[in-house]
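A look at the structure
Below are the chains, spelled out letter by letter.
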Amino acid sequence: MKSLLPLRAVLVTGKGGVGKTTVAASLARFAAQCGKRVLVAEIADEDATTSALADALGVAKITDEPWEIAPNLRVVALAPALGHQRFLRDVLPMKVLADAAMRAGAIRRFLAAAPTFPEMGVLYRLLDLVRTKRRDGAVEHEMIIVDLPATGHALALAQIPASLLRVIPSGPIAAAVREGLELLQDPVRTGAVVVTLPETLPVSEALELVQGIEQHSIPLAQVFLNRVPFDPFSDEERVFVRSLLDGERPPMLGARTLERIDRARVALERLSQAVSVPVGVLQDVWLEGPRLAEEMASLMAVEEVHQ
Ligand SMILES: Nc1ncnc2c1ncn2[C@@H]1O[C@H](COP(=O)(O)OP(=O)(O)OP(=O)(O)O)[C@@H](O)[C@H]1O
Ligand SMILES: [Mg+2]
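Treat the numbers as computed from the prediction; the structure is a model and nothing was measured.

About the cut-offs
Residues numbered from 1 in each chain as written. Chains lettered and ligands numbered in written order. Predicted model: local features only at pLDDT ≥ 70, side-chain atom pairs only at ≥ 80, totals over all residues. Heavy atoms only, no water. Helix = DSSP H or I, 4+ residues; strand = E, 2+ residues; numbered from the N terminus. Buried < 20%, exposed > 50% of the residue type's maximum accessible area, 1.4 Å probe, protein only. Contact = heavy atoms within 4.5 Å. Areas by Shrake-Rupley, 256 points an atom, 1.4 Å probe, with all protein chains shown as cover. Pairing = 2+ DSSP bridges. Axes fitted to C-alpha atoms, helices over the stretch in contact; angles between N-to-C directions. Near = heavy atom within 4 Å. Polar contact = N/O pair within 3.5 Å; in protein donor to acceptor, adjacent residues only side chain to side chain. Expected span 1.5 Å × (residues − 1). Salt bridge = Lys/Arg side-chain N within 4 Å of Asp/Glu carboxyl O. Arc of directions from axis to C-beta. pLDDT = per-residue confidence, 0-100.

1. Digging into the overall build of the protein chain
Helices and strands together make up the secondary structure of the protein chain, namely twelve helices and eight strands. Taken over 307 residues, the protein chain has a buried fraction of 48%. Pairs at least 24 residues apart make up 73% of the contacts formed inside the protein chain by residues separated by at least 6 positions. Summed over its atoms, the accessible surface of the protein chain is roughly 15,500 Å², and 56% of this surface lies on carbon and sulfur atoms.

2. Let's talk about the sheet that holds strand E6 (residues 190–196)
With mixed pairing, the eight strands of this open sheet are ordered in space as E3-E4-E2-E5-E1-E6-E7-E8. This sheet does not close on itself; its edge strands, each paired only once, are strand E3 (67–70) and strand E8 (279–283). Adjacent strand axes in the sheet meet at a mean angle of 25 degrees, parallel and antiparallel pairs treated alike. Sheet topology note: the E6/strand E7 (residues 220–228) ladder contains five bridges and is parallel. Following the sheet pairing, Ala192 is matched in E7 by Leu220. Against the sheet, helix H1 (residues 20–33) makes contact with strand E1 (9–13), strand E2 (38–43), E3, strand E4 (73–78), strand E5 (143–147), E6, E7 and E8, and its axis sits at roughly 165 degrees relative to E5, the strand it touches most. Strand contacts of helix H9 (residues 200–215): E1, E6 and E7, with the helix running at about 165 degrees to E6, the strand carrying the most contacts.

3. A short note on the site of ligand 1
The environment of ligand 1 is made up of 15 residues, and the closest members are Gly17, Lys20, Thr21, Thr22 and Val285. Interatomic distance of 2.9 Å between a backbone N/O atom of Gly19 and an oxygen atom of ligand 1. Interatomic distance of 2.8 Å between a side-chain N/O atom of Thr21 and an oxygen atom of ligand 1. The protein chains hide 72% of the 630 Å² of surface that ligand 1 would expose on its own.

4. Things to note about helix H11 (residues 255–274)
Taking 1.5 Å per residue, 20 residues should reach 28 Å; H11 reaches 29 Å between its end C-alpha atoms and fits that length. For H11, the set of buried residues is Ala255, Leu258, Ile261, Asp262, Ala264, Ala267 and Leu271. Contacts made by the buried residues of H11 are with E6, H9, E7, helix H10 (235–245) and E8.

5. Side note on the pattern of salt bridges
Taken as a whole and judged by the stated rule, the model has 18 salt bridges. Close ionic contact of Arg125 with Glu65 constitutes a salt bridge, the shortest N to O distance being 3.5 Å. A residue pair is termed long-range when its members are at least 10 positions apart, and Arg125 in helix H6 (residues 117–131) and Glu65 in the loop between helix H2 (52–57) and E3 qualify at 60 residues. Linking Arg134 and Glu140 is a salt bridge whose minimum nitrogen-to-oxygen distance equals 3.9 Å. Among the residues examined, Arg134 registers a relative accessible area of 31% and is labelled partly exposed.

6. Topic: the environment of Ala175
In this structure, Ala175 sits in helix H8 (residues 172–184). Put simply, Ala175 and Asp90 are 85 residues apart on the chain and 9.9 Å apart in space, counted from C-alpha to C-alpha.

7. What to know about H10
All buried positions along H10 are accounted for by Arg238, Val241 and Leu245. Each buried residue of H10 lies within a common arc of 65 degrees when the element is viewed along its axis, so the set occupies one face. Within H10, the exposed residues directed more than 90 degrees away from the buried face are Glu236, Val239 and Phe240. Those residues of H10 hidden inside the fold are in contact with H11. Phi turns positive one or two residues past the end of H10, at Gly247, with a value near 80 degrees.

8. Quick word on the confidence of the model for the protein chain
Summarising the model, the protein chain shows a mean pLDDT of 87, and 88% of its residues fall at 70 or more. Least confident of the elements in the protein chain is helix H5 (residues 105–113), whose mean pLDDT is 65; most confident is H1, at 98.

9. Details of the side chain of Asn226
Structurally, Asn226 is set in strand E7. Looking at Asn226, its side chain comes within polar contact range of the main-chain oxygen of Val18, at 3.0 Å. Here Asn226 is in contact with Val18, Gly19, Val23, Val195, Thr196, Leu197, Pro198, Leu282, Gln283 and Met296, once residues within four sequence places are set aside.

Structural data, given as structure tokens:
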């Protein structure tokens, strides 16, 4: 976890349902408790009536502008339209012009509809928040953790600037796009975090995702094996328990759990062999709602002390 703390942007990604939102919320709470000024973000979805991140943090809603929900901890929804507006402000000669352009329905619809532009808006909004300074000149958000909605998204964020640059290689738009891409690919400032589950197929999928991330030159910072079952046995105890269960019919209570523990051990071994970054183990916790992320954040803190 410690290796993540110096990063400016942490992109949390992984397959559906593996725990991306939970991990983003837990990491945010943990980093805020470590004293970082943290902003945790989700991609705004105008049609959505609920927000998984809001639920995980125990807040009613998440808005387009950051607001503080705990000491050192703010939340925001990254809205493409705001990114477009900042983008136009940066590339057009005058603020008035940019605002007028955004008010023009045709331009707004164009920016929302062209397939690459919503992502570009998200990326530019992220860049904007990374650059935001306090009055004393220090950065406003030391660490921005982004809960990405689906596996492809982190890659889409990187693909878009690259394809845009091929079409518009120079000028102010290209310069702005290039800055976004530079942030995304800078291992000092940015790190992707891949979340997965301790089972065979999810691990295979995570390894594919890791490959995709590396191909797009997005720096991989950490892999989290989430929902790992509590494992009370030493190696010898395990052999002994297995010998008790072998040949037992019908299966004894707990035999299934033991198999799940075994699969988790295999998953961890496989992941650790295959990736060059740290693999963090996150326990399966018997909680839900906001208490889950709070508990996971304190487990992260305990781990930190023991390392
Ligand atoms: N470590 C954990 N212990 C117990 N439950 C967990 C843990 N991590 C996640 N969960 C539960 O698993 C479910 C899925 O988690 P979460 O919503 O974070 O996944 P996600 O990857 O963000 O999903 P989506 O792809 O839909 O955005 C939730 O009900 C959450 O409470
Ligand atoms: Mg989610």
